[in-house]
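Structural description and commentary
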Amino acid sequence: MHALFILNDPPYGTERVYNGLRLAAGILKQDAGNRVTVFLMADAVAAAKAGQKTPDGYYNAERMLKRVLAGKGEVLLCGTCMDARGLCDADVTPGARRSTMDELSAVTVSADKVLVF
């Protein structure tokens, strides 16, 4: 099964990114044959900012994305959204990459399930 997660909210302040990434990691963990693509757009692109420091006991969106990547998931970021927020390719955690709406369209068509947070 190929699941596409489209995340829109900022990584902190709401728990949508947190919950979406927990579910994405869970799907990868459940079956090695599962594929997951996480597409970050709007304020969610900040979740991929490298070097995040959060208080002890608080979740860290960057670490959660690394779990998805370690499980062979794919993390894509809306390039237009990155530009609008002053986020460049060098600012992004390794393994995540800039993408486009054309690529999101193609992944959406090929996915078995699309979940939007």
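Fair warning: this is a prediction, and the values are worked out from it, not measured in the lab.

Overview of helix 1 (residues 16-30)
Between the first and last C-alpha of helix 1 there are 21 Å, a value that for 15 residues agrees with the 21 Å anticipated at 1.5 Å per step. Turning to helix 1, its buried residues are Val 17, Gly 20, Leu 21, Ala 24, Ile 27 and Leu 28. Buried residues in helix 1, looked at end-on, bunch into an arc of 120°, giving them a common side. Residues of helix 1 that are exposed and point over 90 degrees away from its buried face: Lys 29 and Gln 30.

Quick notes on the pattern of salt bridges
Scanning the entire structure with this criterion turns up seven salt bridges. When salt bridges that share partners are traced, they join Glu 74, Arg 97 and Glu 103 into one network.

Notes on unusual backbone geometry
Look at Ala 42: it is not a glycine, yet its phi comes out positive at around 55°. Although it is not a glycine, Lys 72 sits at a positive phi angle of roughly 75°. With respect to the element layout, Lys 72 can be found in the loop between helix 2 (61-70) and strand 3 (74-78).

So, the packing of aromatic side chains
Each aromatic ring pair is described using two quantities: the centre-to-centre distance and the angle formed by the ring planes. Taken as a whole, this structure holds five aromatic pairs when the rule is applied. Each ring, one from Tyr 18 and one from Tyr 59, has its centre 4.6 Å from the other, and the planes form 35°; the classification is tilted. Of this pair, Tyr 18 sits in helix 1 while Tyr 59 sits in the loop between strand 2 (35-40) and helix 2; the two residues are 41 residues apart in sequence, bridging distant segments of the chain. Residue classification places Tyr 18 among the partly exposed positions, given a relative accessible area of 24%. We classify Tyr 59 as buried; its relative accessible area is 14%. Relative to Tyr 59, the ring of Tyr 58 has its centre 4.9 Å away and its plane inclined at 25°; by these criteria the two rings are stacked. Its relative accessible area of 38% is what places Tyr 58 among the partly exposed residues.

Here we look at helix 2
Residues Ala 61, Glu 62, Met 64, Leu 65, Val 68 and Leu 69 constitute the buried set of helix 2. Mapping the buried residues of helix 2 onto a view down its axis gives an arc of 160°, with all of them on the same face. More than 90 degrees from the buried face of helix 2, the exposed residues found are Arg 67 and Ala 70. Elements in contact with the buried residues of helix 2: helix 1, strand 2 and strand 3. Near the N-terminus of helix 2, the side chain that reaches the backbone nitrogen of Glu 62, with its oxygen 3.0 Å away, is that of Asn 60. Just downstream of helix 2, Lys 72 is the residue with a positive phi angle, here 75°.

About the criteria used
Residues numbered from 1 in each chain as written. Predicted model: local features only at pLDDT ≥ 70, side-chain atom pairs only at ≥ 80, totals over all residues. Heavy atoms only, no water. Helix = DSSP H or I, 4+ residues; strand = E, 2+ residues; numbered from the N terminus. Expected span 1.5 Å × (residues − 1). Buried < 20%, exposed > 50% of the residue type's maximum accessible area, 1.4 Å probe, protein only. Arc of directions from axis to C-beta. Salt bridge = Lys/Arg side-chain N within 4 Å of Asp/Glu carboxyl O. Phe/Tyr/Trp six-rings, centres within 6.5 Å; stacked < 30°, edge-to-face > 60°. Contact = heavy atoms within 4.5 Å. Polar contact = N/O pair within 3.5 Å; in protein donor to acceptor, adjacent residues only side chain to side chain.

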